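For reference, the chains in residue letters:
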Amino acid sequence: MTQRSKALAESRLDKLERILALGINPYPASFHRTHTNQEATNWYEETESRKKHAYVSRKKFTVAGRITALRQMGKATFLDIRDSSARVQVHVRADVLGKSYELVPMLDLGDFLGVEGVMFRTRRGEITVRALQLVLLSKAHRAPPEKWHGLRDVEIRYRQRYLDLIANPEVGEVFQSRSKIISTIRGFLESRGYIEVETPVMVPVAAGAMARPFVTKHNTLDRELYLRIATELYLKRLIIGGLDKVYEIGRIFRNEGIDMDHNPEFTMLESYEAYADYGDIMVLVEQMVVEIIRKVNSGVSAINFRGDEIDFAPPWPRLQLKEELVAAGIDLEQLSDTDSLVSKSKSLGVDVAALESRARIIDKLVSSLIEPKLIQPTFLVDYPVEMSPLAKARIDDPRYAERFEAFAGGMEIANSFTELNDPRVQRARFEEQEALRQQFRAEDFDRLDDDFLVAMEYGMPPTGGLGVGIDRLVMLLTGQPSIRDVLLFPQLRSKGEKFERAS
């Protein structure tokens, strides 16, 4: 704490003692509002439109909020209070409050205040509450940041999100939109017969994706467990059990890097529908995303993201992955051995090595040569089987799997398979993944989950599966450049390390 901050804190504590000496409880247990600030303002505007000029309400309002501005003018004071709905101005006069006015000089920015009063419009045109009674609801011990209106220091914003929410009202709007996006997804899926379920977060086998897990220990069971890297295999067990349409929106944990598009814990939607394939799921994704955008963006299907205008109106283009790679200079069928693939990739400026698996090299090629160009919503379809151990191979060309990834704004937002449901093939795929893990120890591969294979042996219907990164979808639909801007409490590097800023 700086010397100035210390002096400000001491001043606030001195005021607190004076408040207590007046017999005022600076931390009451409750306060009952009649209206939010926005409701009070809306009521006044509607009523004023039917009344004469300079209308003063007879109706009394009780509102509350944090003090964000204080302007003392002799025996009168103007202050602003903000709740989660809006800011409203309050006019306080000594001749109206009488003895209660002695509380006013002991108020500070950041204090919470309850106000009872009538509403009017000032000569400058601002709707205002004329205070008849003040109630101190919470005395703040610390002063707000110096840049109270419009806090821009990224380290403070992310490490002390509460200050960011206080100083930047538009940040709260992003998270209100996030909540609306998630509730719209739930409503969309449930209107189509899906049921929401919950599956384990701590699992004995970290399977269902190619990712490094976080490891934990259960003391009573005396066993090592993992934080889930996907919900896939548990949701498929429910399809096997006869729940034909299931989904889960939950936290996923992957022990990976941190950048503008990645956080080690993130929110994922996974859904599974029996008797569907990846073509059906493409239509589902188009319809769902458009419904979300129209509800969040007041009926408009286009958004602006990182300087690009993106229109989500269907249908979205379906591009063959192998054809897009050929257009970028990579013919997978001609480059069938690792050495030739590595050599060609390097010639195109992609950082690959001979000690990497073919699946990882292809993934890097897609990320480097194709993904950044997919600004408008696009389905990239039919991935090599070696990249998709849980997906069903195409009947007409078993080298490729019935899989798509959806992209927009130059980043992946969804992943889908026609799910593999032959337990013999799935076991062979898992065993191949385990062998690759031994061969390429620096890479992440899926893991053999024997309990899931046993479940598959009881019979799994044809199924279309979907995974949607909620955080990235929120980034797109709210125009936020970094994943940290859509997570209330993002995982951060140690203090002192510089943050990566959006370009």
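A short note on the sheet that holds strand β17 (residues 411-418)
Pairing between the strands of a sheet comes from backbone hydrogen bonds, and it takes one of two forms, parallel or antiparallel.
Then comes step 1: As summarised here, the arrangement of the eight strands in space is β6-β10-β11-β18-β17-β16-β15-β14, forming an open sheet in which the pairing is mixed. Of all the strands in the sheet, just β6 (195-196) and β14 (318-320) have a single pairing partner and so form its edges.
Then comes step 2: Across nine bridges, the pairing between strand β10 (residues 245-253) and strand β11 (residues 265-274) is antiparallel. Bridge pairing in β11 links glutamate 248 to glutamate 270.
Then comes step 3: Contacts from helix α8 (residues 278-296) reach β11, β14, β15 (378-384), β16 (400-408), β17 and β18 (463-469) within the one sheet, and its direction differs from that of β18 by about 35°.

What to know about the pattern of salt bridges
Then comes step 1: Overall, the coordinates contain 44 salt bridges when judged by the stated rule.
Then comes step 2: A salt bridge links arginine 399 to glutamate 333; the shortest N-O distance between them is 3.2 Å. A residue pair is termed long-range when its members are at least 10 positions apart, and arginine 399 in the loop between β15 and β16 and glutamate 333 in the loop between α9 (321-328) and α10 (338-347) qualify at 66 residues.

Examining the side chain of lysine 236
Then comes step 1: Its location among the elements puts lysine 236 in helix α7 (residues 232-240).
Then comes step 2: Lysine 236 has contacts with Tyr272, Leu390, Glu419, Phe452 and Met460, leaving out every residue within four places of it along the chain.

What about the sheet that holds strand β1 (residues 61-73)?
Then comes step 1: With respect to topology, five strands assemble into a closed barrel ordered β1-β2-β3-β5-β4, the strand pairing being mixed. Each strand axis lies, on average, 50° off the axis of its neighbour in the sheet, ignoring direction.
Then comes step 2: Sheet analysis places strand β2 (residues 76-82) next to strand β3 (residues 87-93), joined by seven bridges and oriented antiparallel. If you follow leucine 79 over to β3, its bridge partner there is valine 90.

Observations regarding unusual backbone geometry
Then comes step 1: In this structure, proline 315 follows proline 314 across a cis peptide bond, with omega equal to 0°.
Then comes step 2: Located in the positive-phi region is tyrosine 275, a residue other than glycine, with phi close to 70°.
Then comes step 3: Topologically, tyrosine 275 is positioned in the loop between β11 and α8.
Then comes step 4: Take tyrosine 275: its relative accessible area is 59%, and that puts it in the exposed class.
Then comes step 5: Positive phi values are uncommon outside glycine, yet arginine 306 reaches one of about 50°.
Then comes step 6: By the secondary structure assignment, arginine 306 is in the loop between β12 (302-305) and β13 (308-311).

Considerations on the packing of helix α6 (residues 169-191) against α8
Then comes step 1: Relative to each other, α6 and α8 sit at 135°, their axes nearing to 9 Å. Taken together, the axes of α6 and α8 lie oblique to each other. Between α6 and α8 lies a crossing whose hand is right-handed. Packed against α6, whose contacting residues are Ser177, Lys180, Ile181, Thr184, Ile185, Phe188 and Leu189, the element α8 presents Leu284, Gln287, Met288, Glu291, Ile292, Lys295 and Val296 at the interface.
Then comes step 2: Grouping the amino acids of the contact of α6 with α8 by side-chain chemistry returns eight nonpolar, three polar and three charged.

Observations concerning the packing of aromatic side chains
Then comes step 1: For the structure on display, the rule yields five aromatic pairs.
Then comes step 2: Ring centres of tryptophan 43 and phenylalanine 61 lie 5.0 Å apart, and the angle between their planes is 65°; this geometry places the pair in the edge-to-face category. On the criterion of sequence distance, the pair formed by tryptophan 43 in helix α2 (residues 37-48) and phenylalanine 61 in strand β1 is long-range, its members being 18 residues apart.
Then comes step 3: The buried category is assigned to phenylalanine 61, whose relative accessible area is 0%.
Then comes step 4: One aromatic cluster in this structure is built from Phe312, Trp316, Phe379 and Phe404.
Then comes step 5: For arginine 192, the ring lying beneath its charged end belongs to phenylalanine 188, and the centroid distance is 3.6 Å.
Then comes step 6: Over the face of the ring belonging to tyrosine 234 we find arginine 237, whose NZ or CZ atom lies 4.4 Å from the ring centre.

A word on the pairing of β15
Then comes step 1: Of all seven residues in β15, seven are buried, a share of seventy percent or more.
Then comes step 2: With three bridges joining them, β14 and β15 adopt parallel strand pairing. Pairing of glutamine 320 across the sheet is with valine 381, part of β15.
Then comes step 3: Sheet analysis places β15 next to β16, joined by six bridges and oriented antiparallel. Bridged to phenylalanine 379 within β16 is alanine 406.

Quick word on the pairing of β18
Then comes step 1: Counting buried positions along β18 gives seven out of seven residues, so the element sits mostly inside the fold.
Then comes step 2: Of the two faces of β18, the one carrying Thr463, Gly465, Gly467 and Gly469 and the one carrying Gly464, Leu466 and Val468 are both buried.
Then comes step 3: Across five bridges, the pairing between β17 and β18 is antiparallel. Across the sheet, residue phenylalanine 417 finds its bridge partner in β18, namely glycine 465.

Each value, and the rule that gives it
Residues numbered from 1 in each chain as written. Predicted model: local features only at pLDDT ≥ 70, side-chain atom pairs only at ≥ 80, totals over all residues. Heavy atoms only, no water. Pairing = 2+ DSSP bridges. Helix = DSSP H or I, 4+ residues; strand = E, 2+ residues; numbered from the N terminus. Contact = heavy atoms within 4.5 Å. Axes fitted to C-alpha atoms, helices over the stretch in contact; angles between N-to-C directions. Salt bridge = Lys/Arg side-chain N within 4 Å of Asp/Glu carboxyl O. Buried < 20%, exposed > 50% of the residue type's maximum accessible area, 1.4 Å probe, protein only. Parallel < 35°, antiparallel > 145°, perpendicular 65-115°, else oblique. Left-handed = near helix turned anticlockwise from the far one by under 90°. Nonpolar A, V, L, I, M, F, W, Y, C, P; charged D, E, K, R; others polar. Phe/Tyr/Trp six-rings, centres within 6.5 Å; stacked < 30°, edge-to-face > 60°. Lys NZ or Arg CZ within 6 Å of the ring centre and 35° of its normal.

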